[in-house]
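Next come the chains, spelled out residue by residue.
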Amino acid sequence: ALDELQTDIDSVTVEILEEGTKAVLGLFGGKDAKVRVTRVISSMEKVTEFLNKVIAAANVDASLEMSESEEEINVRIVGSDVGTLIGRHGETLYAIQYLANLILNQDRKDYLRVCLDIEDYKKNRQEKLESIAKRAADRVMKYKRPVSLDPMPSYERKIIHSALQEYTQLDTTSSGEDPRRYVVIRYKE
């Protein structure tokens, strides 16, 4: 039986539960060994399986482009009409990414991150947020009055804070209560 498993030995583990014994004269008292064979599912397979189920449930025509490094699995979903997978302000996208991370890391000792993007939404959103931050910073510099941005999730507020680090004469803080936290940009006096 082990010979049949040799074709894909990287994806199985074999645990010997009980050693077998040889029969006397090859006829009497022999006992078969007991083994447990477990199929090991790779990280990429786990993520692919989950995301394909999500895509099928959303009834969207899309495909996955994936790459893996030691720290993370990068996934890009491409296809037509994938807006339902992105959701309002990327909420669905980030929820799917969160679930993919939970599923992937539930039985792992070392954490492996899943970074999900759909039709370059994250890249485009980051560019838009950086543009909003710089326009607001210019307003604060010109009028020396604080500017409050619209409420946004923590990952978007982090982009704003990072985009304005080069403005040494400005200070950025997050205010309000979740889920309505927002960034306030102030002039340092």
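S.K.: So, the overall build of the protein: which residues are in play, and what are the values?
M.R.: Secondary structure assignment for the protein yields 6 helices and 8 strands. In the protein, the succession of helices and strands from N to C terminus is α-β-β-α-β-β-α-α-β-α-β-α-β-β. A compact globule built from 189 residues would reach a C-alpha radius of gyration of about 16 Å, whereas the protein, at 26 Å, exceeds it by more than 25%. Going through the 189 residues of the protein one by one, you find that 28% of them count as buried. Put simply, 51% of the contacts in the protein that link residues at least 6 apart link residues at least 24 apart. The averaged location of the 33 negative side-chain charges in the protein is 10 Å from the averaged location of its 28 positive side-chain charges.

S.K.: Kindly report on the sheet that holds strand β7 (residues 170-175), identifying the contributing residues and their values.
M.R.: The strand order across the open sheet built from 3 strands is β6-β8-β7, with neighbouring strands paired in antiparallel fashion. Two strands close off the open sheet at either side, each with one partner strand: β6 (147-148) and β7. When β7 meets strand β8 (residues 182-187), the two strands line up antiparallel, connected through 6 bridges. Looking at the pairing, Thr 172 lines up with Ile 185 of β8. Of the strands in this sheet, β6, β7 and β8 are in contact with helix α5 (residues 121-143), which crosses β8 at around 35 degrees.

S.K.: Tell me about the sheet that holds strand β5 (residues 113-118), and please be specific about residues and values.
M.R.: If you walk across this open sheet you meet the 3 strands as β3-β4-β5, and the pairing is mixed. Sheet topology places β3 (61-68) and β5 at the edges, where each strand pairs with a single neighbour. Averaged over neighbouring strand pairs, the angle between their axes works out to 20 degrees when direction is ignored. Of the strand pairs in this sheet, β3 and strand β4 (residues 72-80) are connected by 8 bridges, and their pairing is antiparallel. For Met 66, the partnering residue across the bridge sits in β4 and is Val 75.

S.K.: Explain the nonpolar core to me, and be specific about the residues and the numbers.
M.R.: If you look at the biggest cluster of nonpolar residues, it comprises 21 residues, and the most contacted ones within it are Val 75 and Leu 85. At 5 residues, helix α2 (residues 43-57) tops the list of elements feeding residues into this core. In this view, Val 75 contacts Val 47, Leu 51, Leu 64, Glu 65, Met 66, Val 114, Cys 115, Leu 116 and Asp 117; residues no more than four positions away in its chain are not counted. Residues Val 140, Val 147, Leu 149 and Ile 159 belong to the second largest nonpolar core, which totals 16 residues.

S.K.: Outline the environment of Pro 153, supporting the account with residue identities and numerical values.
M.R.: Residue placement: Pro 153 occurs in the loop between β6 and α6 (154-163). Assessed through its relative accessible area of 30%, Pro 153 is described here as partly exposed. Each C-alpha atom of the pair Pro 153 and Arg 125 lies 13 Å from the other, and the pair is 28 residues apart in sequence.

S.K.: Give a detailed account of the packing of aromatic side chains, specifying residues and quantitative values.
M.R.: Counted according to the given criterion, the structure contains 1 aromatic pair. When the ring centre of Tyr 187 is taken as reference, the NZ or CZ atom of Lys 144 above it lies at 4.5 Å.

Calculation notes
- Residues numbered from 1 in each chain as written.
- Predicted model: local features only at pLDDT ≥ 70, side-chain atom pairs only at ≥ 80, totals over all residues.
- Heavy atoms only, no water.
- Helix = DSSP H or I, 4+ residues; strand = E, 2+ residues; numbered from the N terminus.
- Rg over C-alpha atoms; globule rule 2.2 N^0.38 Å.
- Buried < 20%, exposed > 50% of the residue type's maximum accessible area, 1.4 Å probe, protein only.
- Contact = heavy atoms within 4.5 Å.
- Lys, Arg positive; Asp, Glu negative; His and termini not counted.
- Charge placed at Lys NZ, Arg CZ, Asp CG, Glu CD.
- Pairing = 2+ DSSP bridges.
- Axes fitted to C-alpha atoms, helices over the stretch in contact; angles between N-to-C directions.
- Core = buried A, V, L, I, M, F, W, Y, C linked by side-chain atoms within 4.5 Å.
- Phe/Tyr/Trp six-rings, centres within 6.5 Å; stacked < 30°, edge-to-face > 60°.
- Lys NZ or Arg CZ within 6 Å of the ring centre and 35° of its normal.

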